[in-house]
Amino acid sequence: ASSYWELSCGRLGLVDTKNGLCMRNDGARQTIAQEVYVQTDTELGSGTSAAHNEHQKYVDNEGNKASSSLFAGTSTTISTTGETEKPIVAEIDGEENTCSPVSKDYTQLMHHLSPNSHSDIVGGAIDKKSVLVHRTGLEKKQSSSTNARLSSLKEVSSYSHVRVEDCCHHAHGGEAEDSIRALKVDLDGSDSGSDGNTNAHTSSEEWICRDSAVCNGRLSNEDLLKRIQLAISAVHAMGQISAFSPTHSPRLNEEDPHAGVEMLCQDSSDLAMMGWELYSLFAGRCPFQLESDTSRLSVSRAACKDIAKEAGSIEGVPHSHSKHKRDRRMGEHRYIPLRELDMPVMLCSLVSSLLDIDSSDAAIKYNSIVEVEEDLRLMADQPNKYLFNTPTGGFSMPQRSLYGRENSLYGREKEVSKLIDAYEMTTDANAQMNSVVVFISGYAGAGKSCLVRAVNGRFLEKGARFISGKFEMMCQSQSLPALAAALDEYCCVLAQDVDRIDRVRDVITKAVGNEGVVLASLIPNFRRVIHLKEGLPPTHLTGMGAIQRLVFLFSALLRATCSRNNPVVLFLDDLQWADEVSLEIIQALATDPEVQGLLFIGSYRENEVGSDHPLMERLTKIKHSESVHVTEFSVGNMGKETVNALVSDSLQMLPRMTRTLSEAIIQKTAGLPLFVVQFLASLCNEGNLRFSLSTRQWEWDIGAIRALLVADNVVHLMTEKISRLEPKVCESLRLAACFGEQCYGDLLLLVDRALGNDVGVASYLDVAVSEGLLIKLRLGYRFSHDLIQRAAYLLIPQSERKSFHLWLGRLLWKTASTYELDANLFVVAEQLNCGAELIDVNDEKLLLAQLDLRAGKKAVSMSAFLPALEFFKAGISLVVDKDWENSSGRGLCLDLYNSCAEMEFILGRDDELKAHVGEVLNRSSTLQEKLRAYHVLVQYTGTQESAKDAVTTSLTIIDQLGEALTSTPGKVAVMSEIMKTQTLLPLKIDDVMNLNTMQNADKQQVMKFLLLAARFEFLSGQSAFTPLLVCRMVQLSLRFGVCAESAAGFASYGVTVGAFLRDHDTALGLGKLALAMVDRFPGARESLPWVFSIVYGIITPWSDELLSHTLPFHEHAIHVGLSIGHNEIAMICANMYLRTAFLSGYPLDKLMENMRVRSRQMLGCKKNSMNVLNLLNAPRRQFVSNLLGRSADPAKLAGEDIHADTLLKYSGEALHEHLCFVFYYFQMWLSYLFRDYTVGAEMALKFQNLIIEPLWEYRIGGLSNLTFIYGLTSCELARRETHERDKWIEIFDEALVKLEKVSIVVRRNCQHKLDLMKAEKASLFGHHAEAASLYDSAIHLAAKHQFIPDQALALERAGVFYLSSDDANASRLFKRSYDCYMKWGAL
């Protein structure tokens, strides 16, 4: 034994001294204390024969107690100096090197082995080989230390068939021997004493079979995991020990010295011995044990060492003769594979690979202990995958996520992090950006949609609602397919939320109003979340207003239901196929600052869009939006490790086992996820990847796979796969592909009925579902990927595709009932249109053209303008010149061309619109046939910033219809028309409501063109023809009956009467009549914003109604205008609302927020008139910003919205004078408030030289406040500039007279202003008693009517008045004034 010990130390390069073990290095010795050194069996087995014989004697003397401990072929010695553990310090080539102490792992293992630990893990570093307790020259252990260790090992030995001597430290004699003997008595029930034969009856077989759990059946999952952990600890310890072996020392990388050190390959005998020990651990027996002799080990440890010894020389270089001899001896003693003991397959493969390390049949080629440890840790970390889940040979790739597993993805960690960060920003109340958008690009099949859907669970866990939609390349007949599908899903989710549905339903109803019927036609489930009035038709719209209505309704739905507390994740896939209307809505949703809590995620194929693609133009606009945070990233192909992880998971095999297969797949597919998945499935289907029932794992011939000829893309691969299916299945897939990515079950039933199929098409499609090609839905089937759909479609030869579509369309058209045809109208028409070129019978062409017209009109009713245009164009392509000549075809041609022109007007197809309108005008023989085309032409001309041309064209058509108007309007002509209208007007205006509805078709057309002309004049700011136009509208209504257009006519005539005749009472009556007309005619809803802006913005202020009372009506007008797409008129209403709110003392912070929103909306109209309106509102926005303290100089009207240079910029333009008028007004007001009277005087003089437009006289509210500020400034200048006192007093008196006239009409809105002006004049002239009384009256009236700014100003001026006579009263007034300013929000 002592010779064996010395040999072991020598092989490790160690020297045993009285102070412990030392490393031997060129004669130099350095003491190593408190460390563990392990020598492997293979190295020990290469010693002298004498030493081997001595060791064999020792084993025999111990009564064959050689245990099957975890590492039976190793020896362990632990110094017992009691010193603190130190790192190993060794001198190599003259340099001092420090290594991590092995004893740290030893200490951790001992902790696991303590009686207090519930783990059954046996430390790998404490019992390697028999510790030679009789070795002389070592220090005696301390009794307390030894007893503590032995008590720890007591429990271990009872579990793991480990000999007591193997567990003891290196010691001999005295207390240590007594402790060892006591422990053995406790464990074995007898005292071994010093005689090795005492316990000869305790054989190795008895030690091995102590583990009854293994002998009687498969280990429980818990026990299996414990043994896995035990194996990991032992393998880790052996790996550390091997690092100190001279034959396994690290070496530097010669090619790259900076790359660090790399370990040499492990000696195969080490790995084989490790396999021995792992087998013993998990099987409860040694691997090479004969079935016929269970009384002893047929192949002892020494024999195993002999086998290892014969494997090669001391340096580990294999020898051919030795290898042959070892293979022969190993073959004589084959082991029972662990799989036959019902052990986990991957564990069996690992152990067998170690035992067969030099065999070509090894499943895994291990090169080092580190690799073994890695695989064991992988099993421990994922036991459900590698240990507990028994492979059955069923191969199925996940359909939910092409390359994702539950709660994780393959190689997409960075992308997932970006999505989560975007979501966190969406729900962050302190986020600077209102909107968060993510765009994901990548090639087809790269896994863009799978990435988002895999993160869906994370979104749901955080409280979000996830909705999604997908655009399709072939299905262009559907209306907004992706958006409608996503929001339909969203409405379904909202309807199922019983806690919120009532409140949500009220909010949505208020948000979308009567136009909700438009969304209901697009989104079936929308009816479940709104109080919808049945039978109420939507407002008929033409032009961009129809698109703007859709934008508003989609935004309104999300504004009403989406918030940071109730976030929504909207994912739209394949944006490269999105239609222009969908892109418009997407841009609006992504940039709408009022939609909060919405995370928009869009994906597109970067190789299918260029810089001029409509999608890229929209993306650029979104990125340039100031309120949007945009995240962009691309999803590329998978790398080697990622593909290997996917293959490993799919086959339930260790990654090391599938690496060669993964590399072959990478070579064939370039790592494209969809290609990888389908190629792997094809290997299985073709038998190149097969499941072995004997080994219970997948097998493959890597050479055959590498030699395969594979399609160059996934589409061709899938085409080949589909073509190998049963012919009926293949035909059914071809048919399904003709419908696009999704086909509905009712269409399949129609096909079955038409063909008389005994076995339905759906049955064959179910086979495709099992192949992973389709996904079965509640209402039909959907292809797993659009590339699979494309592959199925390519099975139809290109020369036969048109005929196939035509056959399918005819089949459906002929078989379907009236109801079925209406339900599937779009699909039938689309199939027929695909093969329409093959129709050679003109009657059939006309029938199909009528079907297209029917489908187009149905699409229009659903606001599906782009599909409608395609159907109308298809119908036009079917008619020929001779169809214009016969009565049956002429009406069809006119309807198709006019409908097509209307859709082109909505979609902005200018050139095509002009062509189709010109065709109608050229082929029409009567004015009536031209009117519809003229109507489109006038609207188109008016929206192209050519209002004058639109008015001229309208007047020409009106003249042709018999209602000529003068071409040179003047005051005389206007007054003549007014008088003529007045004579027709009844004494009681309410009697007009009793008039009949207009029946004359020509007069109805005249009313339409009169309204168009009046609207364009109104929007362009021109008013030359307006009085004449509205007078004629009223005259026709009074003579021929009223219609929807009469509402706008009566409202506009009310302004005319008030302005020209100063008859405010009649004007108010006409305003009420106009409102009644709106309620009477549903079609008049289109005119509601215009009517409301006139009635509540101009006419009502002529009454004594408080301005603040009109605010709700202005809000309603804005809402209706936006909801019906009349954004320009809605912004005019918004301008009136902001002005009224400002004068009424609306809180400044909320007012400023509203002004910002309206400013963005005005600019969003992209009309010059709206740009002008926004610019004219800029001085008011800057004024409010100054009062809020958001400018450098509060007394100077300059900042973010406007400055003095703005006036110079527009110098010389028609806009300049009006802009200067507004600018001087607000600058004069600021100067007065902040007592900068020098600037105030300058502004007053400039203001005096400007001519106020007559329109200002109509707007009494604005006029009264303008006069008020102008008068107060003049009064203060008269007080301060004594040399020009008379001039300023004269100006003040003129303003006072004008305000007195206004106050007669609108007393409640102006009397407090008038009293304050009179008080200032009385104070100027020293009439103190009168001034005091007037100040009190002004303060009281302003407070009574809630004019907070005027109340604050009156209190301030009263305080100044009392400052010289009553300081206490003045102080009190100033305090009240301050409170009012703060209430208003002025800082």
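Located above this text is the structure these notes cover.
A. Representation of the state of the cysteines in the model. A full pass over the atoms with the stated rule returns zero disulfides. With no disulfide of its own, Cys834 lies 8.4 Å from the sulfur of Cys738, the closest cysteine sulfur.

B. Up close: the sheet that holds strand β12 (residues 435-442). If you trace the five strands from one edge of the open sheet to the other, you get β13-β14-β15-β12-β16, paired in parallel fashion. Two strands lie at the open edges of the sheet, namely β13 (465-470) and β16 (628-635), each paired on one side alone. Averaged over all pairs of adjacent strands, the angle between strand axes in this sheet comes to 15°, irrespective of strand direction. By the bridge criterion, eight bridges tie β12 to β16 in an arrangement that is parallel. Opposite Ser441, over in β16, you have Ser634 as the bridge partner.

C. Structural context of the nonpolar core. Judged by nonpolar contacts, the single largest core of 400 residues is most densely connected at Phe459, Phe526, Phe554 and Leu733. Here the element with the most residues in this core is helix α54 (residues 1214-1233); it accounts for 14 residues. What Leu733 contacts, discounting residues up to four positions off in sequence, is Ile722, Leu725, Leu765, Ala768, Leu773, Leu774, Phe783 and Ala792.

D. Local environment of the sheet that holds strand β21 (residues 780-783). Pairing in this open sheet of three strands is antiparallel, and the strands run β19-β21-β20 from one edge to the other. At either margin of the open sheet sits one strand with a lone partner, and together these are β19 (742-744) and β20 (774-776). Neighbouring strand axes in the sheet, compared pairwise and without regard to direction, differ in orientation by 20° on average. Alignment of β19 against β21, held across three bridges, turns out to be antiparallel. From the neighbouring strand, Gln742 faces β21, where its bridge partner is Arg782. Across the face of the sheet, helix α32 (residues 761-770) comes into contact with β19, β20 and β21 while running at roughly 115° to β20.

E. Region of the structure containing the pattern of salt bridges. Tallying each qualifying case throughout the model produces 55 salt bridges. The residue Glu371 makes a salt bridge to Arg656 at a minimum N-O spacing of 4.0 Å. A residue pair is termed long-range when its members are at least 10 positions apart, and Glu371 in helix α15 (residues 369-381) and Arg656 in helix α26 (residues 655-669) qualify at 285 residues. A residue is classified by how much of its surface remains accessible, and Glu371, at 17% relative accessible area, is buried. Accessibility expressed as a relative area gives 17% for Arg656, which makes it buried. Among the salt bridges present, the one from Arg909 reaches Glu580, with a minimum N-O distance of 2.5 Å. Residue Arg909 is found in the loop between α39 (887-907) and α40 (910-923), and its partner Glu580 is found in helix α23 (residues 580-591); the two are separated by 329 residues along the sequence. Within the structure, one salt-bridge network assembled from shared partners comprises Lys470, Asp574, Arg605, Glu608, Glu741 and Asp786.

F. Inspection of the packing of α26 against helix α27 (residues 673-685) at higher detail. At a minimum axis separation of 10 Å, α26 and α27 run at an interaxial angle of 120°. Of the two elements, α26 crosses α27, and the hand of that crossing is right-handed. Of the residues in α27, those touching α26 at Leu661, Ile665, Lys668 and Thr669 are Phe675, Val676, Phe679, Leu680 and Leu683. The residue inventory of the contact of α26 with α27, partitioned by class, reads seven nonpolar, one polar and one charged.

Reading guide: rules and limits
Residues numbered from 1 in each chain as written. Predicted model: local features only at pLDDT ≥ 70, side-chain atom pairs only at ≥ 80, totals over all residues. Heavy atoms only, no water. Disulfide = S-S within 2.5 Å. Pairing = 2+ DSSP bridges. Helix = DSSP H or I, 4+ residues; strand = E, 2+ residues; numbered from the N terminus. Axes fitted to C-alpha atoms, helices over the stretch in contact; angles between N-to-C directions. Core = buried A, V, L, I, M, F, W, Y, C linked by side-chain atoms within 4.5 Å. Buried < 20%, exposed > 50% of the residue type's maximum accessible area, 1.4 Å probe, protein only. Contact = heavy atoms within 4.5 Å. Salt bridge = Lys/Arg side-chain N within 4 Å of Asp/Glu carboxyl O. Left-handed = near helix turned anticlockwise from the far one by under 90°. Nonpolar A, V, L, I, M, F, W, Y, C, P; charged D, E, K, R; others polar.

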